[in-house]
There are 2 protein chains.
Amino acid sequence: MAMQAQVIYDFSAEPGNNELTVREGETVTVLNQNVGGGWIEAQNSRGQSGLVPEDYLQVGAVSSRTPETATYPDAYSPESSNSTNTQVANGDNPWSGGGADTNDTAGGWDTQGYAQTRQNAGDDDDDGEWDEEWDDARSTGGYGETTGEEGEATGRNTHTHMKMSLNKFAFSKIPNPEVYLLAKLPPKGKDRLAIYMGDVGPVWLYPQSPLDCVVADPKKGSKMYGLKSYIEYQVTPNTTNRPVNHRYKHFDWLYERLLEKFGSAIPIPSLPDKQVTGRFEEEFIKMRMERLQGWMCRMCRHPVVSNSDVFQLFLTYRDEKEWKTGKRRAEKDECVGPMVFSTIDPEAPELDIIEVEQKCELFSRFTKEMDDGVKDLLNVGNIHWKRCTGPLRKEYQKIGKAFQNLSSVFNTSGYTGEATLTDALTAAGKTYEEISQIVAEQPRKDLHFLMETNNEYKGLLGCLPDTIGVHKAAIEKVREGDKMVAAGKITTQDKVTMAKRTSIMCYSLQAEMNHFHSNRIYDYNRVMQLYLEEQIRFYETMKCLS
Amino acid sequence: MAMQAQVIYDFSAEPGNNELTVREGETVTVLNQNVGGGWIEAQNSRGQSGLVPEDYLQVGAVSSRTPETATYPDAYSPESSNSTNTQVANGDNPWSGGGADTNDTAGGWDTQGYAQTRQNAGDDDDDGEWDEEWDDARSTGGYGETTGEEGEATGRNTHTHMKMSLNKFAFSKIPNPEVYLLAKLPPKGKDRLAIYMGDVGPVWLYPQSPLDCVVADPKKGSKMYGLKSYIEYQVTPNTTNRPVNHRYKHFDWLYERLLEKFGSAIPIPSLPDKQVTGRFEEEFIKMRMERLQGWMCRMCRHPVVSNSDVFQLFLTYRDEKEWKTGKRRAEKDECVGPMVFSTIDPEAPELDIIEVEQKCELFSRFTKEMDDGVKDLLNVGNIHWKRCTGPLRKEYQKIGKAFQNLSSVFNTSGYTGEATLTDALTAAGKTYEEISQIVAEQPRKDLHFLMETNNEYKGLLGCLPDTIGVHKAAIEKVREGDKMVAAGKITTQDKVTMAKRTSIMCYSLQAEMNHFHSNRIYDYNRVMQLYLEEQIRFYETMKCLS
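Quick caveat, the model's predicted, so the values are computed rather than measured.

Scoring rules and cut-offs
- Position numbers for residues count from 1 along each chain, tracking the sequence in the order it is written.
- Each chain is given a letter, starting from A, and each ligand a number, starting from 1, according to the order in which they appear as written.
- pLDDT decides what is reported in this predicted model: residues at 70 or higher carry local features, side-chain atom pairs at 80 or more are listed and counted, and totals for whole chains, interfaces and linings draw on all residues regardless.
- To obtain the side-chain values, all non-hydrogen atoms of the structure were used and water was disregarded.
- For the purposes of this section, nonpolar cores are sets of buried Ala, Val, Leu, Ile, Met, Phe, Trp, Tyr and Cys residues that join through side-chain atoms within 4.5 Å.
- A 1.4 Å probe rolled over the protein chains alone gives each residue an accessible area, and that area as a share of the maximum for its type sets the label: buried under 20%, exposed over 50%, partly exposed in between.
- Should any heavy atoms of two residues lie within 4.5 Å, those residues are counted as being in contact.
- Put simply, DSSP marks the helices as runs of H or I at least four residues long and the strands as runs of E at least two long, and each gets a number from the N terminus on.
- By definition here, a helix of n residues has an expected span of 1.5 Å times n minus one.
- Axis definition: a line fitted to C-alpha atoms, limited for helices to the stretch in contact. Angles are taken between N-to-C directions and run from 0 to 180 degrees.
- When an angle is under 35 degrees it counts as roughly parallel; over 145 it counts as roughly antiparallel; between 65 and 115 it counts as roughly perpendicular; any other value is oblique.
- Handedness of each helix crossing follows the sense of rotation of the near helix against the far helix: counterclockwise by less than a right angle gives left-handed, clockwise gives right-handed.
- We define buried area as the total accessible area lost by two parts upon association, computed with a 1.4 Å probe and summed across both.
- Throughout this description, the term salt bridge denotes a Lys or Arg side-chain nitrogen within 4 Å of a carboxyl oxygen of Asp or Glu.
- Each polar contact in these results corresponds to two N or O atoms within 3.5 Å; when the atoms are within protein, one needs to be able to donate a hydrogen and the other to accept it, and residues that are neighboring in sequence are counted only if both atoms are side-chain atoms.

A.B. asks: Can you help me understand the nonpolar core in this one?
C.D. replies: Nonpolar side chains tend to gather and get buried jointly when the protein is soluble and globular. Among the nonpolar cores identified, the biggest contains 214 residues, and Met296(A) and Met296(B) are the most heavily contacted of them. When sequence neighbours within four positions are dropped, the list of residues in contact with Met296(B) reads Cys213(B), Val215(B), Val235(B), Phe251(B), Leu254(B), Phe311(B), Phe314(B) and Leu315(B).

Written as structure tokens, this is what we have:
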């Protein structure tokens, strides 16, 4: 008798990929445990068979235990589909209660970084595949469970990262700044992040020639003898002008590295939404590519991110070996989380804690208000989009048909001298059908870019409570300084160091906010200009039609 | 103890007119039976008092009889509010079953003309007042129940006409053409209606200079020492250029006369809707005036109607005496209903019954199809109107507010170089608020005239089944001719006469349809031109705003 397996997490199959949808608690029959690539071929009680990620099954352990999903947030609900860690972690309102409250460390000094919780990631188009990096190269190695040159150590490593990757939809806490505030810092290395005083206040050091890249030419590939397929995008940076290929999962890996390394200082927006179905539909691929392009552009425009080793690796690796070496190094980077502040050198005098707090409050209030404003605009834009492509389109069509219908009736009158009128009615009817078409297509021309930009900003703003939260937590620590000294928990010197380092963090926040503002002004100027141009074009077309 | 009265019909008070709303079966206390003008002052069980038309009360007869309204059609339902007799009489579809079926005379030769049924006319702004013609003059005569120079005979006469007036919302049958087909005709008088052969077939004789009139200058008057008030319109024909004053009830009287006299041959559209409340609101008065103007114009344009004695009287009477004499004469006119065909003289050979039937069918089909088309256009136009003034207006407002809101948020950034962007956002926001306004006002500019015209045609088309029905009934009679001769009910000569007179009716129908077509082409050409001009103006405005 074939081996049974218990499904321990929900998994939704992607159509056309030979996968099998399974639900927690379900029992399946294992057909082939040696498929490789982290997959098991299984059959459900209804006789349907397909691939299921091996981590989702407990082979041989068939029981009636209660599913553990009850406390997991729904990663696919409309609310969280565009959200970042914090938004899920803090419920509906990432801004509630202020940043300091969300950091649950007031009573103690725990060293916990990111909370890690396993979650249902069944729709991740790459889950369970982290152990096979170069699909085609790997699949030649046979169906062994762990094959390839990276060996066991790397296998463990990637397994950890897979969990990190899953983490991004799950609970998280704001990184505890303590690791930086009181840490014995390593000697200053060469990779310093400079902040200098510009016209608008503290600013990052911007490169002479800005980095940029083009994401293009999506190609479908397959692996496991065609059992699984995927899309590979060509990414070409303006520095080398040499294209490199990346799958969505590589972008996702990059996102995880950037979030881990810079998330405390710089908002790293989520990658474009994953999608359960339609992965190979042209439109979806085009949309994902457009959004990956937008995401990459935003990362390129950030002087700290774009200059980082991991980002440069992603854009300019020359061969598989260089990629793998760089990958391993990036994954071993210890200067992550709040420790990133240790690499920042502001050329400015130490700030008073009151001033730090005020600036933090100012940014916090601004981002919250902008977040509300952006969501409001997205909301009305979305309603308008739906109205234009739905009821309004149909209404103009109906008006058009009513005119044409009247024209047909008039044509049957048998009365002479009717032609001019029936021609006019038919023309009016056809015009309305054209208007119906134009009205329905208009959102794609004008609203689309406005919505995309605001959507990007919604994502970016969603990260800011986390970033600001780290700062608020640091301020809290400094404020508690005297008490801690009195309790003998820290020394007076520690207190001075904390204040100094919080000041450095504040310069970082100011530099980041100034970066945010200058980009915001650039982006919104551009989007408003294009929007208004399209509006004029629209009414011009309509006028000419009439 | 005061006298009690039983309410025998529902009556809805008009606000501000010191009237009392009463319901059938209700018992009221009579406070003053000598108010005059056909009114009784009464008090209901809740202590409210006011005027009730005396015909609506049965003074002294308090019983618990069942109200008789159950079988009355609802004159105020949306379906019937614009409808004519037939539409109410035949239910939802005035076209169902063909004209011949609706004439319930197949089995016998009854001489019944219009069926008369009393109905609930509580919202008629003039009901119960037919016995006092010149309000101001009358009220000086004291509070007597029937005063004035017209005497008892006229009193009875006007009472009959009041019933006729009420009749227009109630059941009716298609006039029986028998009265004409077999009648011994009076000697030909001087008022002959000429039909001659034009380029398009049989046409009425059109006057050299078309009649026209202006309805303007609505003035509020009052009577019964201010207890009741009304609106008087000034009507000025282009022939005399001398204004005459008419209240709505006079228009209504004219409508009744025209319907009675010409309804079998010419569609006489209903007067604009009556309205229960808001009689003195400016907008309502303006709207009613506009529609009375439209109705008068259409009547003026009809060569037969405009040339009739009753219509000329309405437009050109010189004093009260002339009006009253003319009124009495018109009400005594016996050449009404199908007898109007006896005054028609076509200059053309007699038509074969098959040809008559074919033409009748053709017109019937055309009017039915046009009626469907017009209703469809009214329907989508109405939906579009509501969308423009409702959700679309609000949506643009919200988009405008979202832009302006974002601008306000950006203004608080504390970042320099923001002005151009926030100005652009504010401007875009204000533009959207303007667009919201323009979009909401647009229907009044373009759709209004399109809707009014189609509404007029809906009314006109609603009369045609009646008109066509008379013809179909006549054809039916001719087809039964041989049988009737065999049964000895008519002579062979009668049969020949019937065929000849049906041929005359057919010429009349053709002349009327040609009149209808030429007017239709003129009206729709005009409305389409104005509509398209407004459309261009709209998009031009929008373009300039953007």
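A.B. asks: How do you make sense of helix α14 (residues 447–479) of chain B when you look at a structure like this?
C.D. replies: In an α-helix, one turn spans 3.6 residues, which is why side chains three or four residues apart end up on the same side. For α14(B), which comprises 33 residues, the first-to-last C-alpha distance of 47 Å matches the rise-based estimate of 48 Å (1.5 Å per residue) to within 8%. Within α14(B), 29 of the 33 residues are buried, which leaves the element mostly enclosed by the surrounding structure.

A.B. asks: Can you walk me through the packing of helix α14 (residues 447–486) of chain A against helix α15 (residues 492–545) of chain A in this structure?
C.D. replies: Relative orientation and spacing of two packed helices are given, respectively, by the angle between their axes and the distance between those axes. Residues and elements named next belong to chain A. Where α14 meets α15, the axes come as close as 10 Å, and the angle between the chain directions of the two elements is 165°. In this view, α14 runs roughly antiparallel relative to α15, as classed from their interaxial angle. In terms of crossing hand, the pair formed by α14 and α15 is left-handed.

A.B. asks: Sorry, what's going on with helix α10 (residues 309–316) of chain B here?
C.D. replies: With six of eight residues buried, α10(B) is to be regarded as a mostly interior element. Among the residues of α10(B), Val310(B), Phe311(B), Leu313(B), Phe314(B), Leu315(B) and Thr316(B) are the ones counted as buried.

A.B. asks: Hey, could you run me through the interface of chain A and chain B in this one?
C.D. replies: How big an interface is tends to be reported as the loss of accessible area on association of its parts. The interface of chain A with chain B comprises 55 residues on the first partner and 54 residues on the second. Between chain A and chain B, the buried area comes to about 5,400 Å², and carbon and sulfur atoms account for 70% of it. In terms of surface lost to chain B, no three residues of chain A exceed Glu395(A), Tyr415(A) and Tyr539(A), which account for 13% of the buried area on that side. There are six salt bridges connecting chain A and chain B. In this structure, Glu395(B) engages Arg387(A) in a salt bridge whose closest nitrogen and oxygen atoms are separated by 2.5 Å. Counting across the interface, chain A meets chain B through twelve residue pairs in polar contact (both at pLDDT 80 or more). Counting residues per element, the side of chain A that touches chain B draws most heavily on helix α12 (residues 353–411) of chain A, which supplies 23 residues.

A.B. asks: Just checking my understanding: could you explain the environment of Val356(A) for this structure?
C.D. replies: Residues and elements named next belong to chain A. In this fold, Val 356 is placed in helix α12. Judged by its relative accessible area of 4%, Val 356 falls in the buried class. Considered as a pair, Val 356 and Ile 504 are 148 residues apart in the sequence and their alpha carbons are 9.7 Å apart. When near neighbours in sequence (up to four residues on either side) are disregarded, Val 356 contacts Leu 351, Ile 475, Thr 502, Ser 503 and Cys 506.

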